[in-house]
Amino acid sequence: MRTLIAAIMAATAMASGHPAIAADDIEARVEASRAVAKDFAQTLQQALQTALATDGPVAAIEVCNVAAPAIAAQQSSAHGWQVGRTSLKPRNPANTPDAWQRTVLTRFETEKAAGKPMAALESWEVVDVDGKPAFRYMKAIPTGEVCLSCHGSNLVPDLTAKLAALYPADQATGYTLGDIRGAFTVTQPLP
Ligand code: HEC
């Protein structure tokens with residue numbers, strides 16, 4: 001009987017295109033994704049705070065413009081995963097969510113509205129990406145005080161000018177403290 005159930009489960013997994021993934025493997029992938037998101041957040045926040053304190057917000061744009069994609073690229077190649085940030089209102093069009101990411105971001109907004117704490121807004125799933133199975137993970141990024149100088153309302157004119165020059169399609173302003181600014185996203189291709 002057990003063999004039969006295993007055979008049916010294997011057949012179902014094959015039919016869905018996903019190999020049967022053990023629960024402990026999923027757990028390890030969640031942990032690894034959390035670690036990557038935390039590392040991304042801390043590295044960027046430190047660089048941002050130093051730049052804001054020493055050079056001010058206009059110069060600090062360089063940190064987000066150059067350092068954020070660089071951290072994402074470094075982490076992606078270190079793990080062989082796709083690591084990045086996305087948002088329902090992206091500043092950089094390169095961070096536009098795909099269909100799966102958009103669904104998760106929208107669900108985060110609903111969950112937050114229903115009172116779920118920001119720290120608990122994370123999600124993972126095994127889905128097909130370009131016809132191949134992948135483990136996908138997302139974690140919400142809160143809007144903190146330090147973010148408002150570049151993502152809030154009434155930005156200083158110099159900053160607005162520099163952002164407009166770099167990001168003509170910028171949607172990432174008008175946020176208030178505690179809003180969901182976006183999410184970290186990790187895609188791990190599965191063997
Ligand atoms: C000095 C200005 C500045 C500050 C301060 C700042 N950001 Fe940004 N942010 C940017 C720029 C510029 C980009 C576009 C980066 C790129 O090209 O990938 C960006 C992009 C992002 C993105 C990626 C999605 C998108 O909109 O393209 C997220 C998420 C984000 N910021 C969150 C934050 C959070 C959270 C904080 C506070 C901890 C913060 N930012 C503070 C300038 C800033």
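Scroll up a little and you will see the structure.
The rules behind each value
Note on numbering: residues in each chain are counted from 1, in written sequence order. Local features are withheld for residues below a pLDDT of 70 in this predicted model, meaning they are given only at 70 or higher, and side-chain atom pairs are given and counted only at 80 or more; totals for whole chains, interfaces and linings count all residues. Hydrogens and water are ignored here; the side-chain numbers use all heavy atoms of the structure. Under the scheme used here, helices are H or I runs from DSSP no shorter than 4 residues and strands are E runs no shorter than 2 residues, and both carry numbers assigned from the N terminus. For each residue, the accessible area found with a 1.4 Å probe, counting protein chains only, is set against the maximum for its type, and the residue is called buried under 20%, exposed over 50%, and partly exposed in between. Helices are assigned an expected span. That span is 1.5 Å times one less than the residue count. To get the bend at a given residue, fit one axis to the seven residues ending there, fit another to the seven starting there, and take the angle between those axes. Residue contacts are counted whenever heavy atoms from the two residues lie within 4.5 Å of one another. For this purpose, a residue is taken to be near a molecule or strand whenever a single non-hydrogen atom of the residue falls within 4 Å of it. Pairs of N or O atoms within 3.5 Å make up the polar contacts considered here, provided that, within protein, one atom can donate a hydrogen while the other can accept it, and that residues adjacent in sequence are counted only when both atoms are side-chain atoms.

**Notes on the environment of Asp55**
Note on placement: Asp55 falls in helix α2 (residues 23–55). Judged by relative accessible area, Asp55 falls into the exposed class, the value being 53%.

**Remarks on helix α3 (residues 57–79)**
Between its terminal C-alpha atoms α3 stretches 32 Å, which fits the 33 Å expected from 23 residues at 1.5 Å a residue. Taking the largest bend as the criterion, α3 deviates by roughly 30°, centred on Ala67, and proline Pro69 comes between one and four positions later. The inward-facing, buried residues of α3 contact α2, β1 (82–86) and α6 (157–166). Count one or two residues on from α3 and you reach Gly80, which has phi positive near 75°.

**Points about the site of the ligand**
Lining the immediate surroundings of the ligand are 22 residues, of which Arg91, Cys147, Cys150, His151 and Tyr167 lie closest. The side chain of Tyr167 places a nitrogen or oxygen atom 2.7 Å from an oxygen atom of the ligand. Of all the elements in the fold, those that place two or more residues in the shell around the ligand are α2, α3, β3 (132–142) and α5 (148–151). Here the shell around the ligand takes five residues from α3, the largest share from any one element.

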